[in-house]
Amino acid sequence: MAPISLLVVLLMSCSFNHHQLQLVLANNPFDQDFSYMKSVHNINGEEEIGSSNYNNNYYDYIIIGGGTAGCPLAATLSENYSVLVLERGNAPQSHPTVFTLAGFFSDLQKQDDGTTPFQSFTSKDGVGNRRGRVLGGSSMINGGFYSRADDEFFAKSGVEWEMDLVEKAYEWVEESVVSTHPRLDVWQSSMREALLEAGVGPDNGFSLNHKVGTKTSGSLFDQFGTRHGAVQLLNRANLDNLRVVVQATVDRIIFDSTTTEPSSSSKPSAIGVKYSDSKGKSHKAFLRRKGEIILSAGAIGSPQLLLLSGIGPQSQHPNVGKFMADNPMNIINILLPNSSMEPSITKVVGINDNYFIEPVIFQPQLNMTSGSLAEKIPGPLSIGSLWLANSTDVKVTPNVRFNYFDNPIDLSRCVMGMRKIGEMLETEAMNQFKHNGELLFSGPSLPNNNSNNWEWESFCRTTVGTFYHYHGGCVVGKVVDGDFNVMGIKSVRVVDGSTFNISPGTNPQATLMMLGTLGLRCWEKGQENDELAS
Ligand SMILES: Cc1cc2nc3c(=O)[nH]c(=O)nc-3n(C[C@H](O)[C@H](O)[C@H](O)COP(=O)(O)OP(=O)(O)OC[C@H]3O[C@@H](n4cnc5c(N)ncnc54)[C@H](O)[C@@H]3O)c2cc1C
C-alpha cells in the first residue's frame, strides 16, 4: 500500500475547504482520481470548494443520495442534462479510512458518533446494522466484494431488462472501479480449497458472473488495498452539468400544491426538494420543466423520505416501507494459530442454490486473529417492514424489522449452509489452522450433534447477524413501476436497493452500480446511447 503522509491524513480528517483541497490533490496518496471534486460543494463552508459554476437552482434531475446507485446515475444523466446530487454525508476525503483496507477494518470497530462515514442502526429484531453516510454511500464503507446478479434476480425483479445494455453497464462500472486481478492471501486461498474439498463445485476459477460452484470474484479494493468506490464513477460525468452538494440532508420532496389538494384530479406532481445543511439552515432546489426527482437514498433512506413527504399508507401508497428484507448472516470464527496472518477481505465465494459461503478474516485483536466463514442465504423469503420513528425529522432513523427466519425455507437453507461449513472444517485445507490437532473457535462453534436438526436451527436463530444486504421498502411492482417511477406520482423515481424484491447474486453492489449506470438508457428505450453503445 502506498505510504500515507501524516500531513495528508491530518488534512483529510477535517472537513474540506478550498485550500485543503489543493493540498490534498497535490499529495494524493491513494491513487485516486479526485477530478470529480470540481463539482462538489459543501454548503456549510463559507467558500465553496468546487469550481464548476452550475448553480441556478433549477435542474433537470435532482438525485437524493450520492451513493452506490446515485453516483453512476448522476454521471450518466449529466452527459445530457443538468443534475443536482444532494448527499447528507461529506466528501470521502474527509474520512481517509474509507480509502484503505486497514481503514475498513478499523471503521468496523468504531461507534457511530454522528461524524463517522457510516450510520449505525439496530433493527427491531435486535441485529446491529450500518449504512453509508458519505459521498459514494455504502460502497465507501463496505467489504468491496463485487459479483454480478444471478439469472433469478433478472427474471423476478419486475423489470424488463435489456440484457445487452445490462452487460455494457456492468462493463462500464468494471473498467472504472473493479479490481479483476485479485491476489489471494492464505485465508482466501485455503478457504477456496476447503470449499472445493467439501464439494462446492465446480471450480469456476475467476469470474465476475454468478455461477454455482466456487469462484474468485472482483473487488473495489485493488492489489494495494486501496478502495475505488462508486464516488469515482463521478469522474465519468460531464462535470459542467453536475453539482454535488455534500452535508445536504433532504428533509422532504416538495409537491405542486394544486396537485395535492383533495379536490385535484391530477397526480401529485413533484417540483423540488427541501434540504438542510449541518447547521440546520434550510434550502430548496427545484426542477425544470419535465424534470425529475430521483431517490437514491438507499433501502432505509428512500422509503423514509417518501413517508416523510406524505407518500405512504395515508395517501393510498400502502406498500411504501413494506417488503423490507435482510439476508441473514451466520458466521463462525476460527482462532488462527498464527496471529500475524495478514488481514483478508472476501475475494472467494462458494455458491449453491440454497446458500453462499464467504471467507473473511478480521484484524488481530488482543493478540488473537480469527478467520471467519460467513454464510448468507439467497432471497430471503422472510419479509418485514419499515415505519417512521419520527414523523417530521429525517435525521431520526426509522424503525425497521426484518423478521429473520420467519419463513421456514430460510431457516432450512441456513441449516444447509452451516452444515456445509461443518464439512469444510473437516477438510485437509483446514489442518494448518489447528492448534494441537484441533480447531478452536472465538464465539459459538457449530452444534456437535449432526443428526439433531433442532440444534442447527437454534444455532441459526441465536447467531443471526447481517451481511448488510438489506433491501426493499420501494419494491418494483409495489411502489415503483418497471421504469422505477413511483406509481400514482408524477416526476419521482426511486433507483437504489429499496426497489429490489430479492438481493441480486451473492452481493448487491455490482448490480446497484449497474442499475445507476443504466439510468436513462433503461427508461428511454431505443434512445441513441453514445457511451454504452460505443
Ligand atoms: C459494512 C458493509 C459491508 C458490505 N459489504 C458488501 C460487499 O462486500 N459487497 C457488496 O456487493 N455489498 C456489500 N454491502 C452492501 C452494499 O454496500 C449496499 O447494498 C449498497 O452499497 C447500497 O447501495 P444504495 O445505492 O442502495 O445505497 P447507499 O450506497 O447506501 O447510498 C445511499 C446514499 O444516500 C444518502 N442519503 C440517505 N438519506 C439521505 C437524505 N435524507 N438526504 C441526502 N442524502 C441521503 C446516504 O448518505 C448514502 O450516501 C455492504 C454494506 C455494508 C454497510
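For every chain, the first residue of its written sequence is number 1, and the numbers climb from 1 along that sequence. Per-residue local features of the predicted model are confined to residues with pLDDT of at least 70, and side-chain atom pairs are confined, for both listing and counting, to 80 or more; whole-chain, interface and lining totals are unaffected and use all residues.

### Re helix H7 (residues 186-197)
With twelve residues, H7 should reach 16 Å at 1.5 Å per residue; the first-to-last C-alpha distance of 16 Å fits that figure. Of all the positions in H7, only Trp187, Gln188, Ser190, Met191, Arg192, Ala194 and Leu195 are classed as buried. Two residues form a contact once the distance between their C-beta atoms, set from the backbone, is within 7 Å. Strands are runs of DSSP state E lasting at least 2 residues, helices are runs of H or I lasting at least 4, and numbering of each runs from the N terminus. In this structure, the buried side of H7 is in contact with strand S8 (213-216), strand S16 (348-351), strand S17 (356-361), strand S18 (370-376) and helix H10 (408-425). Looking one or two places after H7, you find glycine 199, whose phi comes out positive at around 90°. What a helix should span is 1.5 Å times the count of its residues minus one. We call a residue exposed when 12 or fewer other C-beta atoms sit within 10 Å of its C-beta, buried when the count reaches 20 or more, and partly exposed for counts in between; the C-beta positions come from the backbone.

### With respect to the site of the ligand
Any residue whose backbone-placed C-beta atom lies within 6 Å of a molecule or strand is treated as near that molecule or strand. Looking at the ligand, there are 40 residues lining it, with Gly65, Gly67, Gly137, Gly143 and Gly301 nearest. Those elements that place two or more of their residues in the shell around the ligand are strand S3 (83-87), strand S5 (128-132), strand S11 (249-255), helix H9 (298-308) and helix H12 (509-523). Among the elements that make up the shell around the ligand, the one with the highest residue count is H9 (four residues). Residue type decides the class: Asp, Glu, Lys and Arg count as charged, Ala, Val, Leu, Ile, Met, Phe, Trp, Tyr, Cys and Pro as nonpolar, and the leftover types, Gly among them, as polar. Grouping the amino acids of the shell around the ligand by side-chain chemistry returns 13 nonpolar, 21 polar and six charged.

### With respect to the UniProt feature "domain: Glucose-methanol-choline oxidoreductase N-terminal" (unreviewed entry) in the chain
UniProt positions are given in the numbering used here, feature names are shortened, and annotations may be inferred rather than shown by experiment. Listed under "domain: Glucose-methanol-choline oxidoreductase N-terminal" (unreviewed entry) in the UniProt record, and renumbered for this structure, are residues 132-155 and 298-312. As a span, residues 132-155 carries 21% helix and 12% strand, and end to end its C-alpha atoms are 29 Å apart.

### Some details on the environment of phenylalanine 459
Within the fold, phenylalanine 459 resides in helix H11 (residues 453-462). Distance from phenylalanine 459 to methionine 418, taken between C-alpha atoms, is 9.0 Å for residues 41 residues apart in sequence. Excluding its chain neighbours within four sequence positions, the residues that come into contact with phenylalanine 459 are Met418, Pro444, Leu446 and Pro447.

### Focus on the sheet that holds strand S19 (residues 384-387)
A pair of strands is considered paired only if DSSP assigns at least 2 bridges between the two. Strand order in this open sheet of three strands is S14-S19-S20, and the pairing throughout is antiparallel. Pairing within the sheet leaves two strands with one partner each, and these edge strands are strand S14 (322-324) and strand S20 (399-401). Along the sheet, successive strands turn relative to each other by an average axial angle of 35°, direction set aside. Strand direction decides the pairing type here: S19 and S20, joined by three bridges, are antiparallel. By the bridge assignment, serine 385 is partnered in S20 with arginine 401. The angle between two axes is taken between their N-to-C directions and runs from 0 to 180 degrees, where each axis is a line fitted to C-alpha atoms and a helix contributes only its stretch in contact.

### Observations concerning the pairing of S17
Across the six residues that make up S17, a large majority, six, are buried. Both S16 and S17 contribute to a ladder of two bridges, which runs antiparallel. Across the sheet, the residue bridging to glycine 350 is isoleucine 357, located in S17. A loop of four residues connects S16 with S17, the two strands running antiparallel in sequence.

### Describing unusual backbone geometry
Proline 202 follows glycine 201 through a cis peptide bond whose omega is 0°. Looking at the element boundaries, proline 202 is found in the loop between H7 and strand S7 (203-206). Cis geometry is adopted by the peptide bond preceding proline 380, which originates at glycine 379 and carries an omega value of -10°. Inspection of the secondary structure assignment puts proline 380 in the loop between S18 and S19. For phenylalanine 484, which is not a glycine, the phi torsion comes out positive at approximately 70°. For serine 491, which is not a glycine, the phi torsion comes out positive at approximately 70°.

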